[in-house]
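# What the coordinates show
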Amino acid sequence: MANAARLASLLIPALCLVACPPQPSGVPTPSVSAPVDASVPNDAHPSPESSAPIDGGSRIDSAAEHAARDATTEAGPIDPHYFDSSTIPHGVGCVSLLDGYGIAHRMYLGRPALQTGIVVNGPIGGIRYYANGNIPLITDCRLAVALARVTPMLKDFGVTEMRFSGSYVYRRSKAGFLSSHAYGLAIDVHGFTVDGERLELRKHFRRGMKNGCAADAPVLNRIACEFRKLGLFREFITPDFNRAHHDHFHISIARLKDGSAD
Ligand SMILES: [Zn+2]
């Protein structure tokens, strides 16, 4: 379990990168030229970043999170806030949830637009996230918590691994807006290991299906169907959307209105 005081001392200055005066020392200043992983292809996103309406008052604490998660695992979602990404706080509150899920990580702070940056050092809810070239999963804590919340659904399909190409990548969309990747709130997933078999989106997702939820649809289509049903994600883009997404799911959650980092 992380030490709360230490985390607070790390996080509070980071959260002040925009809203607070410059710190005298100790906090890295975000550079203009942000780190970009050149191995991650740019993808065209369908819309500029704009926050969906968010109920800033509906936060659930760690105990409620655990209760909701247990109930969700056993009897389906009973707390409507569980799949509302605005119930996932940023900062110390998020790290507390992350610790509650037992997700190994280290903090990754002081990066442009990345509010509660982490490097994930282990599985999320028992599911291993890996990438070609062994690049680590660098993301915002809130997205990691969101992924933890969908774990029961993924396990129902027999998913044990997910292959991604990138989460946090500081870049702008063609229209000049910061992509959800720039906030670490999106991940591109290219493959799933299901019951020991490695399935790739480009091969095993059937494009143009009228009903991807059907029992006889390919498993990746059915997984996409379930992702959408949860309502947790602001964007869930499949190979059906356009050529830029022919080989991956683009999955993102909404930013918090009170947690803007730009
Ligand atoms: Zn993407």
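Parameters and conventions
- Residues numbered from 1 in each chain as written.
- Predicted model: local features only at pLDDT ≥ 70, side-chain atom pairs only at ≥ 80, totals over all residues.
- Helix = DSSP H or I, 4+ residues; strand = E, 2+ residues; numbered from the N terminus.
- Buried ≥ 20, exposed ≤ 12 C-beta atoms within 10 Å, placed from the backbone.
- Contact = placed C-beta atoms within 7 Å.
- Axes fitted to C-alpha atoms, helices over the stretch in contact; angles between N-to-C directions.
- Left-handed = near helix turned anticlockwise from the far one by under 90°.
- Nonpolar A, V, L, I, M, F, W, Y, C, P; charged D, E, K, R; others polar.
- Core = buried A, V, L, I, M, F, W, Y, C linked by C-beta atoms within 7 Å.
- Pairing = 2+ DSSP bridges.
- pLDDT = per-residue confidence, 0-100.
- Arc of directions from axis to C-beta.

What follows concerns the overall build of the chain. Check the secondary structure of the chain and you find seven helices and nine strands. Split into buried and exposed, the 262 residues of the chain put 36% on the buried side. Excluding contacts between residues fewer than 6 apart, the proportion of contacts in the chain whose partners are at least 24 apart in sequence is 67%.

We now examine the packing of helix 3 (residues 91-100) against helix 4 (residues 141-149). Running from N to C, helix 3 and helix 4 point in directions that differ by 35°, and their axes come no closer than 9 Å. Both helix 3 and helix 4 take part in a crossing whose hand is left-handed. Contact residues: helix 3 offers Cys-94, Val-95, Leu-97 and Leu-98, while helix 4 offers Cys-141, Arg-142, Ala-144 and Val-145. By residue class, the composition of the contact of helix 3 with helix 4 is seven nonpolar, no polar and one charged.

What follows concerns the nonpolar core. Among the nonpolar cores identified, the biggest contains 48 residues, and Leu-98, Ala-144, Val-145 and Ala-146 are the most heavily contacted of them. Contributing elements (two or more residues each) for this core: helix 3, strand 2 (117-120), helix 4, strand 5 (159-166), strand 6 (186-194), helix 7 (219-230) and strand 9 (249-252). Sort the elements by how many residues they give to this core and helix 4 lands first, with seven residues. Ignoring any residue separated from it by four or fewer positions in sequence, one finds Ala-146 in contact with Ser-85, Ile-88, Leu-232 and Ile-253.

As a further point, take the sheet that holds strand 2. Read from one edge to the other, the open sheet built from three strands follows the order 1-2-4, with strand pairing classed as antiparallel. Unpaired on one side and paired on the other, strand 1 (105-107) and strand 4 (137-140) mark the two borders of the sheet. Strand-to-strand twist across the sheet, computed as the mean angle between neighbouring axes with direction ignored, equals 30°. Summarising the sheet, strand 1 and strand 2 pair through three bridges and their orientation is antiparallel. Bridged to Met-107 within strand 2 is Ile-118. Against the sheet, helix 4 makes contact with strand 2 and strand 4, and its axis sits at roughly 100° relative to strand 4, the strand it touches most.

Take the confidence of the model for the chain next. Summary statistics for the chain give a mean pLDDT of 78 and a share of 68% for residues scoring 70 or more. Considering only residues more than four positions removed or in separate chains, one finds that residues 1-5, a stretch of pLDDT under 50, has five contacts.

Turning next to unusual backbone geometry. Backbone geometry places Ala-113, a non-glycine residue, at a positive phi of 70°. Positive phi outside glycine occurs at Asp-195, with the angle close to 50°. With respect to the helices and strands, Asp-195 occurs in the loop between strand 6 and strand 7 (197-200).

Moving on: helix 3. When we look at burial in helix 3, the residues that qualify are Cys-94, Val-95, Leu-97 and Leu-98. All buried residues of helix 3 lie within an arc of 155° about the axis, which places them on one face of the element. Gly-102 sits one or two positions beyond helix 3 and adopts a positive phi of about 70°.

The subject of this paragraph is the environment of Phe-205. Looking at the element boundaries, Phe-205 is found in the loop between helix 6 (201-204) and helix 7. A tally of 25 C-beta atoms within 10 Å means that Phe-205 is categorised as buried. As for Phe-205 and Thr-238, which are separated by 33 residues in sequence, their C-alpha atoms are 8.9 Å apart. Setting aside its immediate chain neighbours within four residues, Phe-205 contacts Pro-218, Leu-220, Asn-221, Thr-238 and Pro-239.

Attention shifts here to the pairing of strand 9. Side-chain alternation along strand 9 places Phe-249 and Ile-251 on one buried face and His-250 and Ser-252 on a second face that is also buried. Of the strand pairs in this sheet, strand 6 and strand 9 are connected by four bridges, and their pairing is antiparallel. Within strand 9, the residue paired with Ile-187 across the bridge is Ile-251. Judged from the three bridges that link them, strand 8 (residues 235-237) and strand 9 form a sheet pairing that is antiparallel. Residue pairing across strands places Phe-236 opposite Ile-251, the latter belonging to strand 9.

For helix 4, a buried count of nine out of nine residues is recorded, marking the element as mostly surrounded by other parts of the structure. Among the residues making up helix 4, those that are buried are Cys-141, Arg-142, Leu-143, Ala-144, Val-145, Ala-146, Leu-147, Ala-148 and Arg-149. Contact partners of the buried residues in helix 4: helix 3, strand 2, strand 4, helix 5 (151-156) and strand 6.

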